[in-house]
Amino acid sequence: MTEAATRRPDRAQYGVCGFLAVVGVLVIVDAARLRHIANSNDPIGPKPVPMVLGVLLLVVAVLYAVDVARGGTGEAEAGEDVDPTLPVDWKTVLLLVGAFVVNLALIEPLGWVISGTLLFWGSAFALGSRHHIRNLFIAAALALITFYAFAIGLGVNLPAGVLQGIL
């Protein structure tokens, strides 16, 4: 017999399948309760996207259940370069928490572009990148891109802060 045939099936994965199915059903039920609000800018309204996502969640749940039933399992820790015996790197964790706290404190007075730049730059610094000037330009570009993506693409205005009227 092959190794796959003698291996016990991982029944816990059916729990993940069930969770995906429950979330899919909840998304569909919630989307079905949305009122149809259509106008000239959005003739189809808000229902189709969550309905499609709910159906896709159900499809993934079924396909995953079929894969588990056929004996499909993922390799544990195969693609990760993690040593679980090492202690937590508290310096990195605290630096990341600090970057998020600074963003939280400065987003209203300074605006998203400045606080987001500090967040992205601080995250890169905390995770070990030492190209400070390059990271600052990349962080500023990411903050500007996300600012305009939210404003133009989604119609959500992030705080402009001290840059109000410039952006």
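Everything here concerns the structure above.
Read on for an overview of the structure. (Residues numbered from 1 in each chain as written. Predicted model: local features only at pLDDT ≥ 70, side-chain atom pairs only at ≥ 80, totals over all residues. Heavy atoms only, no water.)

1. What about the overall build of the chain?
Stage number 1. Of regular secondary structure, the chain possesses six helices and zero strands.
Stage number 2. Within the chain, buried positions represent 16% of all 167 residues.
Stage number 3. For the chain, the proportion of contacts with a sequence separation of at least 24, taken over those separated by at least 6, is 54%.
Stage number 4. Element-wise, carbon and sulfur atoms account for 69% of the exposed surface of the chain, whose accessible area totals about 12100 Å². (Helix = DSSP H or I, 4+ residues; strand = E, 2+ residues; numbered from the N terminus. Buried < 20%, exposed > 50% of the residue type's maximum accessible area, 1.4 Å probe, protein only. Contact = heavy atoms within 4.5 Å. Areas by Shrake-Rupley, 256 points an atom, 1.4 Å probe, with all protein chains shown as cover.)

2. With respect to helix 6 (residues 132–154)
Stage number 1. Under the 1.5 Å per step criterion, the end-to-end length of helix 6 is 31 Å for 23 residues, consistent within 8% with the ideal 33 Å.
Stage number 2. Among all positions in helix 6, only Asn135, Ala139, Ala143 and Phe147 are buried.
Stage number 3. Along its buried surface, helix 6 packs onto helix 5 (112–126).
Stage number 4. Where helix 6 ends, the next residue or the one after it, Gly155, has phi of about 75°, a positive value. (Expected span 1.5 Å × (residues − 1).)

3. Things to note about the nonpolar core
Stage number 1. Ala99, Trp112, Val113, Leu119, Ala143, Phe147 and Ala160 together form the largest nonpolar core, which totals seven residues.
Stage number 2. At the level of secondary structure, the elements contributing two or more residues to this core comprise helix 5 and helix 6. (Core = buried A, V, L, I, M, F, W, Y, C linked by side-chain atoms within 4.5 Å.)

4. Let's talk about the side chain of Asn103
Stage number 1. Among the structural elements, Asn103 can be located in helix 4 (residues 90–110).
Stage number 2. Filtering out sequence-adjacent residues up to four positions away, Asn103 remains in contact with Trp112, Ser115, Gly116 and Leu119.

5. Brief notes about the environment of Ala69
Stage number 1. Position of Ala69 relative to the elements: it lies in helix 3 (residues 48–69).
Stage number 2. Residue classification places Ala69 among the exposed positions, given a relative accessible area of 56%.
Stage number 3. Expressed as a C-alpha distance, the spacing of Ala69 and Asp10, which sit 59 residues apart in the sequence, is 9.0 Å.

6. What to know about the packing of helix 4 against helix 5
To characterise two packed helices, one gives the angle between the axes of the helices and the distance between these axes.
Stage number 1. The contact between helix 4 and helix 5 brings their axes to 8 Å, and the two run at 175°. The orientation of helix 4 relative to helix 5 falls into the category roughly antiparallel. Packed against helix 4, whose contacting residues are Thr92, Leu95, Leu96, Ala99, Phe100, Val102, Asn103, Leu106, Ile107 and Leu110, the element helix 5 presents Trp112, Ile114, Ser115, Gly116, Leu118, Leu119, Gly122, Ser123, Phe125 and Ala126 at the interface.
Stage number 2. Its residues assigned to classes, the contact of helix 4 with helix 5 shows 14 nonpolar, six polar and no charged. (Axes fitted to C-alpha atoms, helices over the stretch in contact; angles between N-to-C directions. Parallel < 35°, antiparallel > 145°, perpendicular 65-115°, else oblique. Nonpolar A, V, L, I, M, F, W, Y, C, P; charged D, E, K, R; others polar.)

7. A word on helix 2 (residues 13–32)
Stage number 1. The terminal C-alpha atoms of helix 2, which comprises 20 residues, lie 29 Å apart, in line with the 28 Å expected from a rise of 1.5 Å per residue.
Stage number 2. Among all positions in helix 2, only Cys17, Leu20, Gly24 and Ala31 are buried. One side of helix 2 holds all its buried residues, which, seen down the axis, span an arc of 65°. In helix 2, the exposed positions angled more than 90 degrees off the buried face are occupied by Phe19 and Leu26. (Arc of directions from axis to C-beta.)

8. Describing a nonpolar patch on the surface
Stage number 1. Together, Val88, Trp90, Val93, Leu94, Val97 and Val101 give the surface a local cluster of nonpolar side chains, amounting to about 570 Å² of exposed area.
Stage number 2. Structurally, Val88 is set in the loop between helix 3 and helix 4. (Patch = residues over 30% accessible without salt bridge, like charges linked within 9 Å, V, L, I, M, F, W, Y side chains within 5 Å. Salt bridge = Lys/Arg side-chain N within 4 Å of Asp/Glu carboxyl O.)

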